[in-house]
Amino acid sequence: MDTLPRAAAPRAQTDQELDARAQAVLGGGSTHIVRSYRPRIYVVRAQGSRKWLIDGRELVDYTMGHGALLFGHSHPEITAAVAYQAARGTHYGAANEAEIEWAERIARMVASVERVRFTSSGTEATLLALRLARAFTGREMVAKLVGHFHGWHDAVQVDGHGGPAGIPEETASLTRVVDPALPAVLDQALGDGKVAALILEASGAHYGGTPLPPGFVDQARELCTRTGTLLVVDEVVTGFRVARGGMQELLGVRPDLSTFAKAMAGGLPGGAVGGRAAVMDLLGPAREGAEPVVEHPGTFNANPLCAAAGCAALRLIEETDAIERTSATAAELEAVWRDRLRAQGVPGSVRRLASIVHCELNDPDAAARLPALMREAGVDLFRTSAFVSTAHDDADIELTATALDHSLARLAAGS
Ligand code: PLP
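What this report covers is the structure whose coordinates are included nearby. (Residues numbered from 1 in each chain as written. Predicted model: local features only at pLDDT ≥ 70, side-chain atom pairs only at ≥ 80, totals over all residues. Heavy atoms only, no water.)

## Focus on the layout of surface pockets
The space that makes up the largest pocket amounts to roughly 1,000 Å³. Contributing to the lining of the largest pocket are 35 residues, with His32, His66, Thr123, Phe149 and Lys262 lying nearest its centre. For the lining of the largest pocket, the secondary structure elements donating two or more residues are α2 (64-67), α5 (122-137) and α8 (205-208). With three residues, α5 is the largest single contributor of residues to the lining of the largest pocket. Here the lining of the largest pocket is built from residues that sort into 14 nonpolar, 16 polar and five charged. If you add up the space inside the second largest pocket, you get close to 770 Å³. Around the second largest pocket sit 32 residues that line it, and Arg35, Tyr37, Arg40, Ile41 and Val43 are the ones nearest its centre. The set of elements that each furnish at least two residues to the lining of the second largest pocket consists of α1 (15-25), α2 and α14 (364-376). (1 Å grid on protein atoms, 1.4 Å probe; cavity = no way out; pocket = protein on both sides within 12 Å on 5 of 7 lines; lining within 4 Å. Points joined across faces, edges and corners; volume = space filled by probe spheres on them. Helix = DSSP H or I, 4+ residues; strand = E, 2+ residues; numbered from the N terminus. Nonpolar A, V, L, I, M, F, W, Y, C, P; charged D, E, K, R; others polar.)

Have a look at this one:
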């Protein structure tokens, strides 16, 4: 630690000390709503499938960078690519080859992608996709599905009842929120030809946590085509994780636009919109001197550091069995989780989408308590879900089984 620069060297001794400093200086006392639970954990180091806390405790990590770390923490190849690039400049203020390779890899793996534009996050990607759709169709309205998350910009963070504070009603009124359990409602929402784009998680809300009715995405595709609405499939979590070609490959659907982030950037910030050339070319024809129809600046779009991490991660996804391997490990976790629920007599269900495992407990109070109990027992879930990486192994699954026994027994006993 002595060799670290001062800014990087941890100085605090306890969670309580850091909590007090966080409350005094961070908006909301935290940096993300998902990490604002109590008691909070403060991490000092992570490697592979594990992370270490300020008091020295070791946790099996299934948050995996909110799903961004398909290869676990600090995978050697991704770390080497980042270190190599960091020493050669993090921003050239000019074009470079890595951004092209990054886009080529995306276009090669995702069949519907003819062109790619990079952003710095998933939120920016869905923002840009809707902007492009509005410009392409000349329509103002957009549609989304109840409970589907697409980031925190105004158009997608409405809940159908006016949206959270800070979003003007006029803005919220431009988003139609559709309940996918009522298919006729989608017809009504798109039928008047006023909607530029329907955006959805093709896996169902929360990356497969709440699956869509069978055939829903096909119907949505057909309805979008019939009404001149662009279909935007949000693959921020599912892209390059559930299949090389994302959820759209598994379902055999071809969206007009797709949004990506997380796994595609190898654990660094990065996002992208990809899709039909006719729509993407609104960003600017490749001709010299031609003006773009849709302007999209962004200081850190495809910066060389993130591009290096992204290229390394996508190379591993394209050329190794990472997706198959993580899915197999997740299947073991799914079986263990289901078995422990049954053994401990806690009513609930477990479902899996490739390397993502979701647990739903029937009792909402029990579901709210499970993550904290699991942390106490040495396992950090992402809410009540788990992102499995190539770094997770049998030892992690065994520790998780023990932690589940401990936590579910406490829940069953009501203690
Ligand atoms: N879309 C989906 C499906 C997501 O799950 C998320 C974030 O979790 C986003 C978009 C927003 O991405 P970001 O957090 O990178 O802005």
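## Some remarks on the site of the ligand
The environment of the ligand is formed by Ser121, Gly122, Thr123, Phe149, His150, Gly151, Glu201, Asp234, Val236, Val237 and Lys262. Between the ligand and the protein, one listed contact pairs a nitrogen atom with a backbone N or O atom of phenylalanine 149 at 3.3 Å. For the ligand, the accessible surface in isolation is 390 Å², of which the surrounding protein chains cover 82%. Taking a 2 Å distance to the grid points as the criterion, the majority of the atoms of the ligand fall inside the largest pocket. Residue composition of the shell around the ligand, by class: three nonpolar, five polar and three charged. (Near = heavy atom within 4 Å. Polar contact = N/O pair within 3.5 Å; in protein donor to acceptor, adjacent residues only side chain to side chain. Areas by Shrake-Rupley, 256 points an atom, 1.4 Å probe, with all protein chains shown as cover. Sits in = over half its atoms within 2 Å of the grid points.)

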